[in-house]
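Structure at a glance
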Amino acid sequence: MARSLVIKVTAGEDAPERCNQAFTVAAAALASGVPVSLWLTGESSWFALPGRAKEFTLPHAAQLGDLLDAVLAAGRVTLCTQCAARRDITVDDVIEGVRIAGAPTFVEEVLGEGVQALVY
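Now for a quick tour of the structure. (Residues numbered from 1 in each chain as written. Predicted model: local features only at pLDDT ≥ 70, side-chain atom pairs only at ≥ 80, totals over all residues. Heavy atoms only, no water.)

Counting secondary structure elements, the protein contains five helices and five strands. Ordered by position in the sequence, the α and β elements of the protein form the string β-α-β-α-α-β-α-β-α-β. Computed over C-alpha atoms, the radius of gyration of the protein comes to 13 Å, within 12% of the 14 Å expected from 2.2 N^0.38 for 120 residues, which places it in the range of a compact globule. Here the protein, with 120 residues, has 43% of them falling under the buried criterion. Put simply, of all contacts in the protein between residues at least 6 apart along the chain, 69% involve residues at least 24 apart. Surface exposure of the protein reaches about 6300 Å², of which carbon and sulfur atoms provide 54%. Within the protein, the 14 negative side-chain charges are centred at a point lying 5 Å from the centre of the 9 positive side-chain charges. (Helix = DSSP H or I, 4+ residues; strand = E, 2+ residues; numbered from the N terminus. Rg over C-alpha atoms; globule rule 2.2 N^0.38 Å. Buried < 20%, exposed > 50% of the residue type's maximum accessible area, 1.4 Å probe, protein only. Contact = heavy atoms within 4.5 Å. Areas by Shrake-Rupley, 256 points an atom, 1.4 Å probe, with all protein chains shown as cover. Lys, Arg positive; Asp, Glu negative; His and termini not counted. Charge placed at Lys NZ, Arg CZ, Asp CG, Glu CD.)

In structure tokens, the structure reads:
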């Protein structure tokens, strides 16, 4: 049975280590051939906007912009509908390749066969 990961990151600048861990695990899994769906929720929602991930810094950690680029290239990135709305982010604002979807889509993904969900 093929395994895949759905990673939900709720942290952003408010919890930089937790945030970077989620992106690092997503990129590492993809590099290992594991399908990944990365969900941006809460404060990580801001990273769906152009340039925001490149501004994020954390000592001794991979650059968040590079990690996001890797996930966009080989996986799927989703911005939470409600999180986007609370921040006045629209589909016209987000990086190309980022979709906006809500809880029903998240639930459908995590209930798929062989899926492991991780929340950071």
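On to the pairing of strand 3 (residues 76-80). For strand 3, the tally of buried residues reaches four of five residues, placing the bulk of the element in the interior. The pairing of strand 2 (residues 36-40) with strand 3 spans four bridges and is classified as parallel. Counted as the bridge partner of Trp39 is Thr78 from strand 3. In the classification by handedness, the crossover that spans strand 3, the intervening helix 4 (residues 81-86) and the parallel strand 4 (residues 98-101) is right-handed. (Pairing = 2+ DSSP bridges. Right-handed = clockwise from strand over helix to strand, strands pointing away.)

Further remarks concern the nonpolar core. Counting residues in hydrophobic clusters, the biggest one holds 32 residues, and the most contacted among them are Ile7, Phe23, Leu38, Leu40, Leu64 and Leu79. Elements with a minimum of two residues in this core: strand 1 (4-9), helix 1 (16-31), strand 2, helix 3 (64-74) and strand 3. When residues of this core are assigned to their parent elements, the largest contribution, seven residues, is made by helix 1. Ignoring any residue separated from it by four or fewer positions in sequence, one finds Leu64 in contact with Cys19, Asn20, Phe23, Phe47, Ala53 and Phe56. Counting residues in hydrophobic clusters, the runner-up holds five residues, among them Val6, Ala101, Phe106 and Val115. (Core = buried A, V, L, I, M, F, W, Y, C linked by side-chain atoms within 4.5 Å.)

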